[in-house]
Amino acid sequence: MWFTEHYQNDIKFSIEVQEHIYSEKSNYQQIDFYKNKTFGTFFTLDGFMMVTQKDEFIYHDMISHVPMAVNPNIKNVLIIGGGDGGTAREILRYKSISSVDMVEIDERVVRLCQKFLPQTASSLDDDFRLKIYFEDGLKFVQNSSSEQYDLILVDSTDPIGPGEGLFTYEFYNNCNRILTKEGILINQHESPYYEQDAYEMKRSHSKIKKTFPIAKVYQFHMPTYASGHWLFGFASKKYDPIKDLKSNLWNNLNLQTKYYNTDLHIGAFMLPTYVKQQLESNY
Ligand code: SAM
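None of these values were measured; they are calculated from a predicted model.

1. Topic: the domain arrangement of the chain
Considered domain by domain, the chain is made up of domain 1 (2-52) and domain 2 (56-280). Inter-centroid distance (C-alpha atoms) of domain 1 to domain 2 is 23 Å. Across the boundary between the two partners, domain 1 contributes 21 residues, which contact 22 residues of domain 2. Interface area, domain 1 with domain 2, both sides summed: about 2000 Å², of which 71% is carbon and sulfur. Here domain 1 is connected to domain 2 by one salt bridge. Residue Arg108 is joined to Glu24 by a salt bridge in which the shortest nitrogen-to-oxygen separation is 2.7 Å. Looking at the side of domain 1 that touches domain 2, the elements that each hand over two or more residues are strand S1 (2-8), strand S2 (11-16), strand S3 (19-25), strand S4 (30-36), strand S5 (40-45) and strand S6 (48-52).

In structure tokens, the structure reads:
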């Protein structure tokens, strides 16, 4: 038996299933957990790969450590989505963080990851700094008061289904409003490679660059996402991700990471020509 994700009509990715561990249709999406010999336990939402035990460190390192190495004074963090817990796990490694609000629309994702994927979700069990809200992220930011977060991490699904509202002007404007003057927004920024992903990448970049004075994009290699080439957005009111990188401060923290390091931090913002051209084009 194989799990197959359809990248586009003529391209698909398959991974052999040793065991189909669990399947459920929640109020928001179809949730499935599987086991593969190489990638370990993995889970999918509506047939799209979310997290595997083998490569989740890449995504979670890159969403968390890039902003923390630019502004080590980040104290109050908002995570939107991220129900598997991997992003919370990495951000809570910083003792300097005082509070993390995590807003996940689908409680079932959290509960099932706690059961089947403790590698990422055990971070959600017992840290007094973490508060989980089971709500729509768009509504949450609309109702939040201004200038209360230093960092927002949008660890969302793609802009189809429940994730759609997280790719709108309304969402980005509210993120801007609720971030402090030193605030940073990191968002799941799709991929430049296949047509549909590239379309969404351009669409969200054009909105973010109209909302924030600094709007950059950085890349990482994610073996189980379409094409393996994936992006995060870095938007800020004040900080440039390279000029303001505090390499020494970050390295002195002595955090052990498997993917992120401060040399790679700089390299990740150096984009291939075709990606730069797509991002510069007027959507
Ligand atoms: N790393 C993953 C990826 O890009 O494939 C994302 C992982 S995380 C599981 C994405 C989470 O975003 C899901 O659990 C989903 O329920 C949540 N989500 C989607 N739309 C949301 C919304 N509007 N508000 C809050 N959470 C949302």
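2. Focus on the pairing of strand S13 (residues 229-236)
For a regular strand, side chains alternate in direction, first toward one face of the sheet and then toward the other. The buried fraction of S13 is high, at eight of eight residues. Side-chain alternation along S13 places His229, Leu231, Gly233 and Ala235 on one buried face and Trp230, Phe232, Phe234 and Ser236 on a second face that is also buried. One ladder, built from five bridges, connects strand S11 (residues 179-188) with S13; its direction is antiparallel. Bridging across to S13, Ile184 finds its partner in Ser236. Here strand S12 (residues 214-221) pairs with S13 via eight bridges, running antiparallel. Bridge pairing links Val217 to Gly233 in S13.

3. Points about the site of the ligand
In the region of the ligand, 26 residues are neighbours, and Gln29, Glu104, Asp136, Gly137 and Tyr225 sit closest. The backbone of Ser156 places a nitrogen or oxygen atom 3.4 Å from an oxygen atom of the ligand. Pro162 is positioned such that a nitrogen or oxygen atom in its backbone is 2.9 Å from a nitrogen atom of the ligand. Here the ligand has 590 Å² of accessible area as a free molecule, and 98% of this is covered by the chains. Of all elements in the fold, only S5 and S6 reach the threshold of two or more residues within the shell around the ligand. By residue class, the composition of the shell around the ligand is eleven nonpolar, nine polar and six charged. Lining the shell around the ligand are residues from two domains, each supplying at least three of them: domain 1 (2-52) and domain 2 (56-280).

About the thresholds
Residues numbered from 1 in each chain as written. Predicted model: local features only at pLDDT ≥ 70, side-chain atom pairs only at ≥ 80, totals over all residues. Heavy atoms only, no water. Domains from an automatic or database assignment. Contact = heavy atoms within 4.5 Å. Buried area = accessible area lost by both parts, 1.4 Å probe. Salt bridge = Lys/Arg side-chain N within 4 Å of Asp/Glu carboxyl O. Helix = DSSP H or I, 4+ residues; strand = E, 2+ residues; numbered from the N terminus. Buried < 20%, exposed > 50% of the residue type's maximum accessible area, 1.4 Å probe, protein only. Pairing = 2+ DSSP bridges. Near = heavy atom within 4 Å. Polar contact = N/O pair within 3.5 Å; in protein donor to acceptor, adjacent residues only side chain to side chain. Areas by Shrake-Rupley, 256 points an atom, 1.4 Å probe, with all protein chains shown as cover. Nonpolar A, V, L, I, M, F, W, Y, C, P; charged D, E, K, R; others polar.

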